[in-house]
Amino acid sequence: MPKTNFSTEKEYFSVNSDGLNENSLSELSSDEASEIMGGFTIRNDSGSTRRFFIFGAFLDPEVQLLQPGETGDYDGEYILYNSSRTSFSPTLSSRINPDDALRFERQGNKIAIGPGFAFSLANGPA
């Protein structure tokens with residue numbers, strides 16, 4: 001067990017790791033780290049397959065594919081997507097915060113990223 005030292009006079013904190021078992025220490029996998037860091041969720045309510053790119057300050061652009069009615073969890077801060085059903089109109093989302101819930105939605109001939117969706121514990125995303 002690590003030994004901990006506190007001092008109210010000197011205001012310092014130290015941990016002695018002499019008692020730690022080295023086998024109990026390991027690096028987190030990217031999946032484990034992403035669960036700690038969070039990420040946003042997006043649902044495809046547009047009625048057609050959505051192909052888009054996710055990227056951020058520390059994440060290179062990565063292409064994603066989301067079928068109608070599917071929901072996906074992603075890391076990143078921005079989505080680059082085609083906002084037109086009839087032509088190519090690349091659109092960059094506003095900055096996305098971790099733990100946001102968003103959805104692709106159809107508005108006439110346009111595809112937009114709309115506000116989140118409600119979760120039902122019994123049925124998953126509503």
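Asker: What is the right way to look at the sheet that holds strand 5 (residues 59-66) in this model?
Answerer: Note: strands within a sheet are paired through backbone hydrogen bonds, in either parallel or antiparallel orientation. Pairing in this open sheet of four strands is antiparallel, and the strands run 5-4-7-8 from one edge to the other. A single partner strand is all that each edge strand has here, and the edge strands are strand 5 and strand 8 (90-92). Strand after strand, the sheet turns through a mean of 25° between neighbouring axes, direction not considered. The sheet contact formed by strand 4 (residues 50-56) and strand 5 spans six bridges and is antiparallel. From the neighbouring strand, Arg51 faces strand 5, where its bridge partner is Leu65.

Asker: How should I be thinking about the packing of aromatic side chains in this particular structure?
Answerer: One pass over the full model with this rule turns up five aromatic pairs. With a centroid separation of 6.0 Å and 40° between ring planes, the pair formed by Phe40 and Tyr74 is classed as tilted. Note that Phe40 is positioned in strand 3 (residues 40-45) and Tyr74 in strand 6 (residues 71-74), a separation of 34 residues in sequence. Taking relative accessible area as the criterion, Phe40 reaches 1% and is therefore assigned buried. Summarising the aromatic geometry, the rings of Phe55 and Tyr78 are spaced 5.7 Å apart at their centres and angled 25° between planes, so their arrangement reads as stacked. A residue pair is termed long-range when its members are at least 10 positions apart, and Phe55 in strand 4 and Tyr78 in strand 7 (residues 78-82) qualify at 23 residues. A residue is classified by how much of its surface remains accessible, and Phe55, at 22% relative accessible area, is partly exposed.

Asker: What's the story with the confidence of the model for the chain in this structure? I'm lost.
Answerer: The predicted coordinates should not be examined in detail at positions where pLDDT is low. Averaged over all residues, the pLDDT of the chain is 77; the fraction at 70 or higher stands at 61%. Counting interchain partners and residues more than four positions distant, the pLDDT-below-50 stretch residues 118-126 has nine contacts.

Asker: Sorry if this is basic, but what is going on with the pairing of strand 4 here?
Answerer: Consecutive side chains along a regular strand alternate between the two faces of the sheet. Of the two faces of strand 4, only one is covered, namely that formed by Arg50, Phe52, Ile54 and Gly56; the face formed by Arg51, Phe53 and Phe55 stays uncovered. The hairpin turn running from strand 4 into strand 5, its antiparallel successor, is two residues long. Relative to strand 7, strand 4 is paired through four bridges, and the arrangement is antiparallel. Residue Phe55 lies in a different strand from strand 7, and its bridge partner there is Tyr78.

Each value, and the rule that gives it
Residues numbered from 1 in each chain as written. Predicted model: local features only at pLDDT ≥ 70, side-chain atom pairs only at ≥ 80, totals over all residues. Heavy atoms only, no water. Pairing = 2+ DSSP bridges. Helix = DSSP H or I, 4+ residues; strand = E, 2+ residues; numbered from the N terminus. Axes fitted to C-alpha atoms, helices over the stretch in contact; angles between N-to-C directions. Phe/Tyr/Trp six-rings, centres within 6.5 Å; stacked < 30°, edge-to-face > 60°. Buried < 20%, exposed > 50% of the residue type's maximum accessible area, 1.4 Å probe, protein only. pLDDT = per-residue confidence, 0-100. Contact = heavy atoms within 4.5 Å.

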